[in-house]
Amino acid sequence: MLGQQLINGLMLGASYSLVAIGYTLIFGVLRLLHFAHGEVFMVGAFIGLHVVLWFAFANIYVAIAGAMVVTALLGWIVARFAVQPVDKGYPLAPLISTIGVTIVLQNLAINIFGGEQVAFPETIEQILYRIGPLTISSVQIFILAVALLSMAALWLFIDRTRMGRAIRATSESHETAALLGVDVNRVVVVTFVVASALAGIAGVLDGVKNSAITPHMGLEVAVKALVVMLLGGLGNVPGAMVAGILLGMVEILTASYLGTSVRDFFTFVILILLLLYRPTGLFGTRTIESG
Amino acid sequence: MFDEYLRSVLIFAGIHVIAAYSFYVPFKTGQISLGQAGFMGVGAYAAGIVTAKLGLPFPLGLLAGGVAAGLVGVGVGFPALRIRGIYLLLLTLGFAEIVQVIILTWDYTGGAQGFQNIPFLENALVWIYAIVAVLIVFFARLERSSLGRAMDAVHEDEMAAEVMGVDVVRVKLFAFGLGAFIAGLAGALFAHYSTYVDSVTFNILIGVEILMFVLVGGGFSYWGPLFGAMFLSLLPEFLRALRDPMELIPVSWTENAPWNRVYEVVYEFLDFENEKRLIVYGLVLVVMMILRPQGLITRNTMRPFRFVQRRMHDA
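Just so it is clear, the structure is predicted and the values come from calculations on it, not from any experiment.

So, the overall build of chain B
From N to C terminus, chain B includes 14 helices and zero strands. Secondary structure elements of chain B occur, N-terminal to C-terminal, as α-α-α-α-α-α-α-α-α-α-α-α-α-α. With the principal axes as the frame, chain B shows a C-alpha extent of 75 × 55 × 35 Å. Looking at chain B as a whole, 47% of its 315 residues are labelled buried.

Laid out in structure tokens, this is it:
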């Protein structure tokens, strides 16, 4: 039973991780809470759904690719038109601007797709595998594989490419990075694009997992991903990966042993204790004095 | 005096103004709270228990709502002393979520079914705007008092304020507690106007909206929260009012004319009860932050209206 729950927790945690990585990347580069990130996740889910519905040839891989392209574009638009033009001298102004984007995206989605819950078609054949006492489905394996692959790809990008190095440098210090020849504005845009594409993947995976999506799905994931970002340490990408999985498991375990209503309570108590006693996150890799 | 619809619009705008001031007080000392909706929830439930469960008159309920929220505020304010910036934002967000979960699971006040049968406040409009007036006078006085100056000093530079003899801990706790108290009043008023509240009523989006009221209006002048909350609460009505003159255009002008489609699209955008209007609202926010990140009203904006001219930096 415990093993089964841990697998469910892993599923939940994988989507938290993907969204939280985006948050933490953007926070690292801009010290900005990108409030609309959850809505980007929601848009990803809907694009994935409609790719599957519109195109006869489309399988789940095409859906994920489509969602990535659209959310990446969305990330570019948000960065260029809602974040970069805002004067950074007012620390809260970009936050309000992304709140504006949240309102726009959510209501656009309600307008276009309707406010109701929509079923996500079954795109992967359900096969159940039994490994000892555990049962794992092909859908779960697929979700986990895609999530882990995306995280691995991101890690390679951040760690091995020139752009990845530029992103890391910019996270350390805008001024120093700029002095060393990094085009900081471009880094910011690329960060938004990458983060948004990851959220898009997470959205489609969430649709596959829950077989239903709504235009309101962004907020809950966004709030949970914020907790994950903090758990992993602000701006710490590997931290967010591990912390997401951890939170997913904790939530599933509390939900199954203590009840669903206790789950969120527990999550936010963790958040508050963490803020008070370990604001650098579980791994304590970086200290950022103020947002 | 007003028709029913306009009255309810004005009542909600007034509650928004009070809620905006609840954010403004801690913000004056540099504390940013996303959790004001949580304090509203505490106030609403405390007031509801006093009036609906204990059968006491509304003024006592209002007071109970404010005091309960204020006490919880001081309780949250203590840990909040240690952290700032985005950490405080997240702490208050977590607080609001916890309040929601407690409301949801507390059977005494209806749990998931919500708190029903809260007595209706007949003259809500008068109560609300009386409180708004008191708040404005209070903040106008505070602005020029030593306490108000101390709060500004803490916002600018805590260390320097401490060195100058400001008791930073007391000032910040006072601000946080007073903000929560005011939020409690707003929650109590809301509960007794709508007669029903549940865990979703005070969700974190409400907290976000309150933050928006102040930062759009301008957080560095006590007129900012009033103006921002009024502006954003009435903006949908303004947009709708823009539509009315369009109806005066004779049908023959637009029918079959090439601009007919444009007319229809614009008309639909300004339509009330339409998510498209909210899209415009979101876009207005983005554009405003690009053009005027300091908020609509700053101290310098209000300077021409002062009798005694004083030099002050534009925050």
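Moving on from the coordinates now.
Considerations on the overall build of chain A
Each helix and strand in chain A was counted, giving 11 helices and four strands. Relative to a compact globule of 291 residues, whose C-alpha radius of gyration would be 19 Å, chain A shows 19 Å and is just as compact. Overall, chain A is about 55 × 45 × 35 Å in size when its C-alpha atoms are taken along their principal axes. When the 291 residues of chain A are sorted by exposure, 51% land in the buried category. Long-range contacts, defined here as pairs at least 24 residues apart, represent 76% of the contacts in chain A between residues at least 6 apart.

Re the pairing of strand β3 (residues 134–137) of chain A
Residue and element names in this part refer to chain A. Sheet analysis places strand β2 (residues 128–131) next to β3, joined by four bridges and oriented antiparallel. When the bridges of β3 are listed, Ile131 appears paired with Leu134. In this structure, the hairpin formed by β2 and β3 is closed by a connection of two residues, where Gly132 is found at a positive phi of approximately 60°.

Details of the confidence of the model for chain B
Residues and elements named next belong to chain B. When pLDDT is averaged along chain B, the result is 86, and 93% of the positions lie at 70 or above. When the elements of chain B are averaged for pLDDT, helix α14 (residues 299–302) gives the smallest value, 72, and helix α8 (residues 168–194) the largest, 95. Overall fold confidence (pTM) sits at 0.85, and the ipTM for the predicted complex is 0.86.

Remarks on the environment of Ala119(A)
Residue and element names in this part refer to chain A. Inspection of the secondary structure puts Ala119 in strand β1 (residues 118–119). Measuring from C-alpha to C-alpha, the distance between Ala119 and Gly66 comes to 18 Å, with 53 residues separating the pair along the chain. Setting aside its immediate chain neighbours within four residues, Ala119 contacts Ser211 and Ala212.

Some remarks on the nonpolar core
Ile201(A) and Ile18(B) are the most contacted members of the largest nonpolar core, which has 193 residues in total. In this view, Ile201(A) contacts Leu18(A), Gly44(A), Ile64(A), Ala67(A), Met68(A), Val146(A) and Ser150(A); residues no more than four positions away in its chain are not counted.

Considering helix α4 (residues 93–113) of chain A
Between its terminal C-alpha atoms α4(A) stretches 30 Å, which fits the 30 Å expected from 21 residues at 1.5 Å a residue. Most of α4(A) sits out of view: 16 of its 21 residues are buried.

Structural notes on the interface of chain A and chain B
Tallying the contact residues gives 34 residues for chain A and 34 residues for chain B. Going through the elements one at a time, α4, α9 (217–232) and α11 (260–277) of chain A are the ones with two or more residues in the side of chain A that touches chain B. For the side of chain A that touches chain B, the leading source of residues is α4(A), giving 12 residues.

Digging into helix α6 (residues 146–156) of chain B
Residues and elements named next belong to chain B. Listed in full, the buried residues belonging to α6 are Ala150, Met151, Val154 and His155. Axial view of α6: buried residues confined to an arc of 140°, hence all on one face. Residues of α6 that are exposed and point over 90 degrees away from its buried face: Ser146 and Glu156.

Details of the confidence of the model for chain A
Looking at chain A, the pLDDT average stands at 88 and 97% of residues meet or exceed 70. The low-confidence segment residues 287–291 of chain A, where pLDDT is below 50, has 10 contacts with residues more than four positions distant or belonging to other chains.

So, unusual backbone geometry
The backbone of Ser211(A) shows a phi angle near 55°, a positive value even though the residue is not glycine. Position of Ser211(A) relative to the elements: it lies in the loop between α8 (184–210) and β4 (212–213). Of note in this structure, Thr195(B) is not a glycine but carries a positive phi near 60°. Take Thr195(B): it is sitting in the loop between α8 and α9 (204–217).

Side note on the environment of Glu162(B)
Residue placement: Glu162(B) occurs in helix α7 (residues 158–163). When the C-alpha positions of Glu162(B) and Ala150(B) are compared, they lie 9.6 Å apart, and in sequence the two are 12 residues distant.

Parameters at a glance
Residues numbered from 1 in each chain as written. Chains lettered and ligands numbered in written order. Predicted model: local features only at pLDDT ≥ 70, side-chain atom pairs only at ≥ 80, totals over all residues. Helix = DSSP H or I, 4+ residues; strand = E, 2+ residues; numbered from the N terminus. Buried ≥ 20, exposed ≤ 12 C-beta atoms within 10 Å, placed from the backbone. Rg over C-alpha atoms; globule rule 2.2 N^0.38 Å. Contact = placed C-beta atoms within 7 Å. Pairing = 2+ DSSP bridges. pLDDT = per-residue confidence, 0-100. Core = buried A, V, L, I, M, F, W, Y, C linked by C-beta atoms within 7 Å. Expected span 1.5 Å × (residues − 1). Arc of directions from axis to C-beta.

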